[in-house]
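Residues per chain, in single letters:
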Amino acid sequence: MNIPSLPKQFALDLSHTPKASLDNYLPGKDLALLSTLKHLYHSWQNSSSNQATNPLNHRWMYWWGPEGSGRTHLLEAMTNVAENLNLAHFSLKPNEPISWVRVEEKMEALAQNNAPSVITVDDVNRLDDRLVGALFRILNGVQAGKNIHIFMAGKAAPANLDLREDLRTRLGWGLVFQTQLLDDDEKMQALEQAAKARGLVLSPDVLPWLLNRFYRDMPNLMALIDALDAYSLETKRAVTLPLVRELLQPK
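Each chain has its residues counted from 1, following the order in which its sequence is written. Only residues with pLDDT of at least 70 are given local features in this predicted model, and only at 80 or more are side-chain atom pairs given and counted; all residues enter the totals for whole chains, interfaces and linings. Water and hydrogen atoms play no part in the side-chain values, which are based on all heavy atoms of the structure.

Student: Could you clarify how one ought to interpret unusual backbone geometry in this entry?
Tutor: With the exception of glycine, the majority of residues adopt a negative phi angle, and the majority of peptide bonds are in the trans configuration. The backbone phi angle of asparagine 86 is positive, close to 60°, even though this residue is not glycine. Secondary-structure assignment places asparagine 86 in the loop between helix 4 (71-84) and strand 2 (88-92). Using a 1.4 Å probe on the protein chains alone, a residue whose accessible area is under 20% of its type maximum counts as buried, one over 50% counts as exposed, and one in between counts as partly exposed. Residue asparagine 86 is classed as exposed on the basis of its relative accessible area, which comes to 71%. Of note, lysine 236 is a non-glycine position whose phi angle comes to about 55°, a positive value. Only DSSP runs of H or I reaching four residues or more are called helices, and only runs of E reaching two or more are called strands; each is numbered from the N terminus. Relative to the assigned elements, lysine 236 resides in the loop between helix 10 (218-235) and helix 11 (241-248).

Student: Can you walk me through the nonpolar core in this structure?
Tutor: Inside soluble globular proteins, nonpolar side chains tend to come together where they are buried. Among buried residues, those of type Ala, Val, Leu, Ile, Met, Phe, Trp, Tyr and Cys that are joined through side-chain atoms within 4.5 Å constitute a nonpolar core. In terms of nonpolar packing, the biggest core is built from 28 residues, with Ile119, Val124, Leu135, Ile150 and Met152 touching the most fellow members. Where this core is concerned, the elements lending two or more residues are strand 1 (60-64), strand 2, helix 5 (97-112), strand 3 (117-121), helix 6 (129-144), strand 4 (148-154) and helix 7 (165-171). Per-element tally for this core: the top contributor is helix 6, with seven residues. Contact definition: two residues touch when any of their heavy atoms are within 4.5 Å. Residues within four places of methionine 152 in sequence aside, it is in contact with Trp60, Met61, Tyr62, Trp63, Leu75, Val121, Val124, Leu135, Leu139 and Leu171.

Student: Teacher, can you tell me more about the packing of helix 10 against helix 11 here?
Tutor: Helix packing geometry: the angle between the two helix axes and the distance between the axes. Where helices are involved, their axes are fitted lines through C-alpha atoms of the stretch in contact, as for all axes, and angles between N-to-C directions lie from 0 to 180°. In the contact formed by helix 10 and helix 11, the axes pass within 11 Å of each other and the chain directions differ by 105°. Put simply, helix 10 runs roughly perpendicular to helix 11. Seen from helix 10, the contacting residues are Leu224, Ala227, Leu228, Tyr231 and Thr235; seen from helix 11, they are Leu243, Val244, Glu246, Leu247 and Leu248. Of the residues assigned to the contact of helix 10 with helix 11, the class counts are eight nonpolar, one polar and one charged. Under this scheme an angle from 65 to 115 degrees is roughly perpendicular, one under 35 degrees roughly parallel, and one over 145 degrees roughly antiparallel; angles in between are oblique. Each residue gets one of three labels, nonpolar for Ala, Val, Leu, Ile, Met, Phe, Trp, Tyr, Cys and Pro, charged for Asp, Glu, Lys and Arg, and polar for the others, Gly among them.

Student: Looking at this structure, how should I read the pattern of salt bridges?
Tutor: Note that side chains of opposite charge can pair when their charged atoms are close. By definition here, a salt bridge exists when the distance from a side-chain nitrogen of Lys or Arg to a carboxyl oxygen of Asp or Glu is within 4 Å. On inspection of all chains with the given rule, the structure shows 10 salt bridges. Among the salt bridges present, the one from aspartate 123 reaches arginine 126, with a minimum N-O distance of 3.1 Å. A residue is classified by how much of its surface remains accessible, and aspartate 123, at 16% relative accessible area, is buried. Each of Glu67, Arg71, Asp123 and Arg126 takes part in salt bridges that share partners, so that together they form one network.

Student: Please clarify how the packing of helix 2 (residues 31-46) against helix 4 should be interpreted in this entry.
Tutor: At a minimum axis separation of 11 Å, helix 2 and helix 4 run at an interaxial angle of 10°. Regarding the angle of helix 2 to helix 4, the classification is roughly parallel. Only Leu74, Met78 and Val81 of helix 4 make contact with helix 2, whose side of the interface consists of Leu33, Leu34, Leu37, Tyr41 and Trp44. Of the residues belonging to the contact of helix 2 with helix 4, the class tally is eight nonpolar, no polar and no charged.

Below, the structure written as C-alpha cells:
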C-alpha cells in the first residue's frame, strides 16, 4: 500500500499541540496504570505543603510497550503535572547526557527534601553504559530519599532488556505495567478527542479513511491531526475528505 507522507512544514509545526496530560490520554487497556498515576497526582495535589509521602513501589514505576502505545505521553504528562504543582521535575533521555549529570548533582538535596519531586526516564532500552551507571546511581538516591518519584519507560519488560543484570532487577522493584496499542475504534476515539481539544471539526468520513490509507501508529496520526488543524486554518476550509487528500498529495 502506498502510504502518503506528512508534509514536512506541517509535521514540524507543533507549537499549538495541547500538552500531554493524564486527562487527554485514552487508556484503552491501560486503566490500571492511568488510575495509579492519577492517584499519585491527587495525593500531591491534596497534601498540605506538598509533604504527603508514598510507598517506594508507588514512587518507582516502569512501563513498557511498543512505539505508539502512549508510554512517552504518560512520562510527559507526569512532568507536566509536576510543573503545574510547582514540584521539582527532571526529564532524562538517552540523547541528552548533560541532563543526567545535573540530576545526579541534585540527588542528595532531593533525597533530604520532604516535598515530592519527579524524575522521568524515557527509552531506557537505548541507554549506553555510561547512562546505565547513572540511572543505577539515581535509583539508589530515589530509594534513599523520602519523596522522590521516578517514572521510567522502555520497549520491553525489565527481564528482556539488553542492560546489565543489576539494573534490570532494579527496574522491577517498583510497579511494572505494559502499555497496549489501541484498536481501531479506540484510535478513532483518541483522534476525535485530540481534534476536539484543538477546536477542530472533522467530517465523518475522514477518520475511517485515514485509518485505512494513512499510517496506523498514533504518533503519526496525532501529527496529522496537527497538520490538518494548521492547513484548515491556513486555507480557511473545513476538514473534509477532499481537504485531507489535498494535504497529503505529493507536491
